[in-house]
Amino acid sequence: MNIVTGAMGSLIPKLGELLMEEYKLHKRVKKDVEFLGKELESMHAALIKVGEVPREQLDRQVKLWADEVRDLSYNMEDVVDKFLVRVDGDGIQQPHDNSSRFKELKNKMIGLFKKGKNHHRIADAVKEIKEQLQEVAARRDRNKVVVPNPTEPITIDPCLRALYAEATELVGIYGKRDQELMRLLSMEGDDASNKRLKKVSIVGFGGLGKTTLASAVYEKIKGDFDCRAFVPVGQNPDMQKVLRDILIDLGNSHSDLAILDANQLIKKLHDFLENKRYLVIIDDIWDEKLWKGINFAFSKRNNLGSRLITTTRDFDVSKSCCSSDDDSTYKMEPLSTDDSRRLFHKRIFPDASECPSEFQQVSEDILKKCGGVPLALITIASALTSGQRVKPKHEWDIMLQSLGSGLTEDNSLVEMRRILSSSYYNLPSHLKTCLLYLCIYPEDSKIARDKLIWKWVAEGFVLHGNQGTSLFLLGLNYFNELINRSMIQPIYDSLGQVYACRVHDMVLDLICNLSHEAKFVNVFDGTGNIMSSQSNVRRLSLQNKMEDHQAKPLTNIMSMSRVRSITIFPPAVSIMPALSRFEVLRVLDLSDCNLGESSSLQPNLKGVGHLIHLRYLGLSGTRISKLPAEIENLQFLEVLDLEYCTQLDELPSTIWNLRRLIYLNVYPYKVVPTPGVLQNMTSIEVLREILVSLNIIAQELGNLARLRQLQIRFEDGSLDLYEGFVKSLCNLHHIECLNIYCNSKEKSFELMDLLGEHWVPPVHLHEFVSWMPSQISALRGWIRRDPSHLSNLSELFLPSVKEVQQEDVEIIGGLLSLRCLWIESTHQTQRLLVIRADGFRCMVNFNLDCGSAAQIKFEPGALPRAEEVRFSLGVRVAKEDGNRGFDLGLQGNLLSLRRDVRVWMYCGGARVGEAKEAEAAVRHALDAHPNHPRIDIVMQPRPAKDAHDDDLCEDEEN
């Protein structure tokens with residue numbers, strides 16, 4: 001599917017490659033098919049040309065014709081698909097990349113077309129399509145529709161790059177702006193006025209970087225507070241949701257808040273904060289009334305040095321946020337010319353000291369148009385590069401001409417949209433479609449990367465690559481390209497890896513308008529306005545219910561018969577249409593909607609077996625307790641997401657008949673009961689959290705040759721079955737993530753030894769987790785045999801190894817891509833482990849717990865990039881081995897620490913005074929750290945009773 005060409009891209013192959021083979025069709029039908037193929041190819045090419053021209057430059061007749069052809073393409077594909085799934089009760093989907101499967105499907109079709117009734121059906125379908133096409137073509141000729149030649153398009157480099165301007169790249173953020181805001185917050189000194197609650201409101205028009213500045217300050221000072229929260233609000237907020245989000249961010253349980261109304265939430269927040277020094281940032285407030293309601297929760301009597309920061313575009317809202325003498329308003333100004341130039345050039349010429357002379361004049365002209373607005377500067381700069389190559393000057397000239405009059409505060413919205421529109425029209429058509437799809441998400445949503453990509457796949461947005469290429473990996477390329485183009489904003493996990501994204505509200509405004517014009521998505525947000533036309537609805541996003549309880553049901557407003565995709569967010573679940581209303585639904589996402597036994601909506605799910613076209617079924621966090629057995633009817637299903645369905649005790653046996661499943665997530669684990677079913681899932685790429693007998697694994701796992709991510713639990717077994725498991729694992733050449741858990745503590749050592757001897761990790765392996773008691777020797781063997789096989793390993797979890805030797809630390813420290821390490825040893829004998837400066841050069845999250853039997857020291861310069869460190873200290877061992885001052889090398893070291901430092905302080909056998917001395921020494925060294933990380937020292941009682949020592953360390957609270 002494509003925003004530019006509708007369903008044309010998938011329809012043409014279905015007709016051309018399936019219907020035009022030798023199926024012994026009637027001559028008249030075959031002739032009609034040939035006509036269809038030629039006419040559709042011509043229209044497809046014309047639509048691509050139309051899509052390359054900004055919509056406001058198109059003649060109205062061209063817009064109408066293109067919209068009609070796109071809509072017709074959806075109707076035509078629906079006709080063909082309905083015919084295909086009707087035949088013998090089996091469906092045919094466009095194959096991904098497996099030529100043998102495609103041949104199998106064609107052979108089925110040849111046999112089916114020999115039946116007279118099917119000849120009759122396809123003849124009727126082809127006749128219907130031909131008549132509709134001829135009608136559209138005749139209207140085009142009558143109205144003399146001429147498809148324009150677009151301005152020369154800017155080529156987008158398909159190569160990925162992980163270059164995105166982080167907050168620190170916005171020049172001025174850690175400079176004078178940071179200093180000015182910190183002055184207003186008055187963080188320094190012991191003056192009584194600094195102890196009072198202070199509010200600062202950051203105000204300025206869209207794209208100036210208000211959120212970025214607030215985020216930078218938040219990260220810098222959050223360690224100085226007892227609790228903290230950063231909550232986005234947006235244009236159409238729900239006060240209860242905002243209050244709940246603040247409480248959850250501050251550390252309250254989600255389940256305790258669900259039943260509270262707004263007044264109860266305000267009181268709970270007020271009581272929670274009363275005796276705490278807190279930092280709260282409320283981002284992007286549009287409504288003065290909303291602020292006044294939230295503000296009741298923040299007591300002026302809090303004299304503990306708390307700080308409250310708000311951001312808004314509205315100066316009246318800003319004044320309302322700062323009503324007392326202690327409060328301040330910070331007006332965001334555009335970047336200076338020099339700062340704008342540095343930011344713009346850094347994005348395009350990162351390795352050059354200055355802009356090449358060829359580009360200087362056009363660069364200055366573009367800078368003037370961008371008006372010092374960071375979002376505009378970054379977006380346009382991203383459009384002027386292709387990979388690491390700067391685009392030729394004539395493409396800069398084209399970009400300059402497209403930017404209109406430029407950005408000023410008076411016309412900021414119109415011109416910002418024009419600037420972003422220029423970047424949008426420089427995207428390839430498949431990226432335009434993927435970007436526009438993001439308008440299904442409410443403002444300020446955190447959009448999970450993997451789930452988004454799987455929805456793109458199910459919608460048909462991801463183009464087929466080379467044989468054997470995973471559609472998900474192609475979709476990942478699309479996602480990274482959109483980040484690279486600065487059209488979406490990455491969200492990083494604790495390892496600095498992108499796991500989600502956000503859409504800037506200016507970009508969301510653009511794509512919502514484009515989607516509305518193209519009738520791409522209907523958004524029901526509860527405001528009373530339904531974006532896009534109410535007829536021929538193809539994609540539906542239900543974000544909120546109407547406040548008016550007398551509002552008509554959705555099915556009275558619009559037809560569901562042509563809806564291909566519906567995403568329902570929790571506030572709108574009560575207006576969910578009955579599934580029986582949908583005829584061609586491909587995507588159904590109900591994630592986090594309450595469909596549990598207490599919900600009146602659970603019966604609606606029973607109609608899921610009717611959705612025979614379904615590709616994506618998202619039920620994550622829905623609280624369902626039972627999955628209907630008729631799910632076996634969904635023979636097209638590719639993605640089944642049951643994550644966090646904790647009330648779901650078992651899966652129906654029919655689920656294993658879904659041979660086209662690519663993704664199955666049943667976390668927390670569910671049981672595979674029957675032998676002979678796992679091997680059916682030959683298309684599966686992601687299989688998370690199944691509990692299965694070792695016998696089934698040994699015999700069937702090796703058939704799942706496309707697996708990339710495997711998270712599996714199994715029971716105890718014989719040595720032969722362990723060998724069978726390892727043999728099966730050797731057939732999985734695409735494994736990237738492997739997470740294994742064996743319930744046997746006795747024989748798991750044997751399994752790890754077998755893995756070390758016989759399994760060679762694939763070179764793409766980036767995550768390895770073993771929850772089994774084991775030796776670290778397997779890892780040693782892999783590295784010694786061929787370290788290149790672990791060259792991409794970034795996460796290693798071994799939470800139950802027998803022992804860690806200094807040699808192991810140095811071998812693991814040599815893994816150049818390793819960013820996260822978690823090792824716990826159970827029978828440690830080596831009493832001192834040293835983390836050397838030449839190892840763990842990329843480590844971000846370091847966790848090493850060797851219990852009470854060892855101390856861990858850090859050389860100067862160790863862990864240069866570690867932001868979070870957790871390690872153990874055996875107090876008695878340190879004392880006995882001469883480290884009486886408990887010097888662990890922490891002073892002036894670990895300079896990248898940003899978040900937490902946790903020390904498991906094992907005091908078994910130590911006296912209370914010694915334990916307190918050790919705690920004081922460690923805390924003193926860490927308190928001096930310039931980044932002020934959060935320090936958590938966990939006192940552990942002795943692991944086993946020691947008869948000759950009665951004076952043992954007590955818990956920290958004593």
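Because the structure is a prediction, the values reported are computed rather than measured.

The rules behind each value
- Residues numbered from 1 in each chain as written.
- Predicted model: local features only at pLDDT ≥ 70, side-chain atom pairs only at ≥ 80, totals over all residues.
- Heavy atoms only, no water.
- Helix = DSSP H or I, 4+ residues; strand = E, 2+ residues; numbered from the N terminus.
- Buried < 20%, exposed > 50% of the residue type's maximum accessible area, 1.4 Å probe, protein only.
- Contact = heavy atoms within 4.5 Å.
- Areas by Shrake-Rupley, 256 points an atom, 1.4 Å probe, with all protein chains shown as cover.
- Axes fitted to C-alpha atoms, helices over the stretch in contact; angles between N-to-C directions.
- Parallel < 35°, antiparallel > 145°, perpendicular 65-115°, else oblique.
- Left-handed = near helix turned anticlockwise from the far one by under 90°.
- Nonpolar A, V, L, I, M, F, W, Y, C, P; charged D, E, K, R; others polar.
- Phe/Tyr/Trp six-rings, centres within 6.5 Å; stacked < 30°, edge-to-face > 60°.
- Lys NZ or Arg CZ within 6 Å of the ring centre and 35° of its normal.
- Pairing = 2+ DSSP bridges.
- Right-handed = clockwise from strand over helix to strand, strands pointing away.
- pLDDT = per-residue confidence, 0-100.
- Salt bridge = Lys/Arg side-chain N within 4 Å of Asp/Glu carboxyl O.
- Arc of directions from axis to C-beta.
- Patch = residues over 30% accessible without salt bridge, like charges linked within 9 Å, V, L, I, M, F, W, Y side chains within 5 Å.
- Lys, Arg positive; Asp, Glu negative; His and termini not counted.
- Charge placed at Lys NZ, Arg CZ, Asp CG, Glu CD.

Chemist: I would appreciate a short explanation of the overall build of the protein in the present structure.
Modeler: A tally of helices and strands in the protein yields 29 helices and 29 strands. Considering the protein as a whole, with its 958 residues, one finds that 56% of them fall into the buried category. When contacts within the protein are restricted to residue pairs at least 6 apart in sequence, those whose partners lie at least 24 apart make up 67%. Summing over all exposed atoms, the protein offers an accessible surface of approximately 40600 Å²; the carbon and sulfur share of this is 48%.

Chemist: What exactly am I supposed to notice about helix α19 (residues 449–459) here?
Modeler: The periodicity of an α-helix, 3.6 residues per turn, causes residues three or four places apart in sequence to face the same way. Where burial is concerned, most of α19 is hidden: 9 out of the 11 residues are buried. Restricting attention to buried positions, one finds in α19 the residues Arg449, Leu452, Ile453, Trp454, Lys455, Trp456, Val457, Ala458 and Glu459. Positioned one or two residues after α19, glycine 460 has a phi angle of 85 degrees, which is positive.

Chemist: Which parts of the structure should I look at to understand the packing of helix α13 (residues 337–348) against helix α15 (residues 374–383)?
Modeler: At a minimum axis separation of 9 Å, α13 and α15 run at an interaxial angle of 30 degrees. It follows that α13 is roughly parallel to α15 by the angle criterion. Crossing of α13 against α15: the hand is right-handed. Side by side, α13 and α15 meet where Ser340, Leu343, Phe344, Arg347 and Ile348 of the first sit next to Pro374, Leu377, Ile378, Ile380, Ala381 and Ser382 of the second. Among the residues making up the contact of α13 with α15, the classes are represented as 8 nonpolar, 2 polar and 1 charged.

Chemist: Looking at this structure, how should I read the packing of aromatic side chains?
Modeler: A ring pair, where both rings are aromatic, is described by two values, the distance of the centres and the angle of the planes. Here the structure, examined in full by the defined rule, presents 21 aromatic pairs. A connected cluster of aromatic rings, assembled from ring pairs, spans Phe344, Phe349, Phe359 and Trp396. In this structure, arginine 277 is placed above the aromatic ring of phenylalanine 225, and the distance from its NZ or CZ to the ring centre is 4.6 Å.

Chemist: What is the right way to look at the sheet that holds strand β8 (residues 447–448) in this model?
Modeler: Strand pairs in the sheet, formed through backbone hydrogen bonds, run parallel or antiparallel to each other. Ordered in space as β8-β10-β9, the 3 strands form an open sheet in which the pairing is antiparallel. The outermost strands of the open sheet, each flanked by one partner alone, are β8 and β9 (489–492).

Chemist: Teacher, can you tell me more about the pairing of strand β4 (residues 307–312) here?
Modeler: Strand residues, when the strand is regular, have side chains that alternate between the two faces of the sheet. Most of β4 sits inside the fold, with 6 of its 6 residues counted as buried. Burial along β4 is two-sided: the residues Arg307, Ile309 and Thr311 and Leu308, Thr310 and Thr312 are all buried. A crossover connection joins strand β3 (residues 278–285) to the parallel β4 through helix α11 (residues 288–295); in handedness this β-α-β unit is right-handed.

Chemist: For this particular structure, what's the right way to read the confidence of the model for the protein?
Modeler: The predicted coordinates ought not to be read in detail in places where the model reports low pLDDT. Put simply, the protein has an average pLDDT of 80, and 80% of its residues get 70 or more. Considering only residues more than four positions removed or in separate chains, one finds that residues 145–172, a stretch of pLDDT under 50, has 77 contacts. Within the model, the stretch residues 942–958 combines pLDDT values under 50 with 28 contacts to residues more than four positions away or in other chains.

Chemist: So what exactly am I meant to see when it comes to the pattern of salt bridges here?
Modeler: Think of it this way: side chains of opposite charge can pair up when their charged atoms draw near. Scanning the entire structure with this criterion turns up 31 salt bridges. Of the charged contacts, one joins aspartate 589 and lysine 455 as a salt bridge, the two residues approaching to 2.9 Å between their closest N and O atoms. One end of the pair, aspartate 589, is in strand β14 (residues 587–589); the other, lysine 455, is in helix α19, and 134 residues separate them in sequence. Per residue, the accessibility class of aspartate 589 equals that of lysine 455, and both read buried.

Chemist: When you look at helix α16 (residues 393–402) in this model, what are you seeing that I'm missing?
Modeler: Residues Glu395, Trp396, Met399 and Leu400 constitute the buried set of α16. Buried residues of α16, viewed axially, fall in a sector of 145 degrees; they line one side.

Chemist: Quick question: what am I supposed to make of the environment of glycine 305 here?
Modeler: By the secondary structure assignment, glycine 305 is in the loop between α11 and β4. Since its relative accessible area comes to 1%, glycine 305 is described here as buried. Excluding residues that lie within four positions of it along the chain, glycine 305 makes contacts with Asn194, Lys195, Arg196, Phe225 and Arg277.

Chemist: Where do I start with unusual backbone geometry in this structure?
Modeler: Most of the time, phi is negative for any residue but glycine, and the peptide bond is trans. That bond from tyrosine 667 to proline 668 is cis: its omega, -5 degrees, falls within 30 degrees of zero. Examined against the element boundaries, proline 668 turns out to sit in strand β17 (residues 663–672). With a phi angle near 50 degrees, leucine 894 is a residue other than glycine that sits in the positive phi range. If you trace the backbone, leucine 894 turns up in the loop between α28 (875–880) and β28 (900–906).

Chemist: Help me understand the pairing of strand β13 (residues 565–568), please; the structure alone is not making it clear to me.
Modeler: Going residue by residue along β13, you find Ser565 and Thr567 tucked away on one face and Ile566 and Ile568 tucked away on the opposite face as well. Bridge analysis of strand β12 (residues 539–542) against β13 gives 4 bridges, and the strand direction is parallel. Each residue of the ladder has a partner; that of arginine 539, found in β13, is serine 565. One ladder, built from 3 bridges, connects β13 with β14; its direction is parallel. Its bridge partner being in β14, serine 565 is matched across the sheet by valine 587.

Chemist: I'm lost on the side chain of arginine 688 in this one. Help?
Modeler: As for its placement among the helices and strands, arginine 688 is situated in strand β18 (residues 686–692). Among all residues touching arginine 688, those that are not within four sequence positions of it are Asp450, Tyr663, Leu664, Asn665, Val666, Tyr667, Gln709 and Gln711.

Chemist: I'm lost on the packing of helix α18 (residues 429–436) against helix α20 (residues 471–484) in this one. Help?
Modeler: Helix-helix packing is described using two parameters, namely the angle between the two axes and the distance between the axes. Put simply, α18 and α20 touch, their axes get as near as 10 Å, and they point 85 degrees apart. Taken together, the axis directions place α18 and α20 in an arrangement best described as roughly perpendicular. Residue-level inspection shows His430, Leu431, Cys434 and Leu435 of α18 in contact with α20, the latter providing Tyr478, Glu481 and Leu482. Tallied by class, the residues present in the contact of α18 with α20 amount to 5 nonpolar, 1 polar and 1 charged.

Chemist: How should a negative patch on the surface be read in this particular structure?
Modeler: On the surface, a cluster of negative charge is contributed by Glu715, Asp716, Glu750, Asp753 and Glu757. Along the chain, glutamate 715 falls in the loop between β19 (709–714) and α24 (719–729). Given a relative accessible area of 37%, glutamate 715 falls into the partly exposed group.

Chemist: Which parts of the structure should I look at to understand the sheet that holds strand β2 (residues 227–234)?
Modeler: Pairing within the open sheet is parallel, and its 5 strands lie in the order β2-β3-β4-β1-β5. Whereas interior strands pair on both sides, the edge strands pair on one side only; in this sheet they are β2 and β5 (328–331). Across the sheet, the mean angle separating the axes of adjacent strands is 15 degrees when strand polarity is ignored. Note: β3 against β4, 5 bridges, orientation parallel. Note that in β4 the partner of isoleucine 285 across the bridge is threonine 312.

Chemist: Which parts of the structure should I look at to understand the environment of isoleucine 566?
Modeler: Here isoleucine 566 is to be found in strand β13. Taking the C-alpha atoms as reference, isoleucine 566 lies 8.7 Å from arginine 538; in sequence the two are 28 residues apart.

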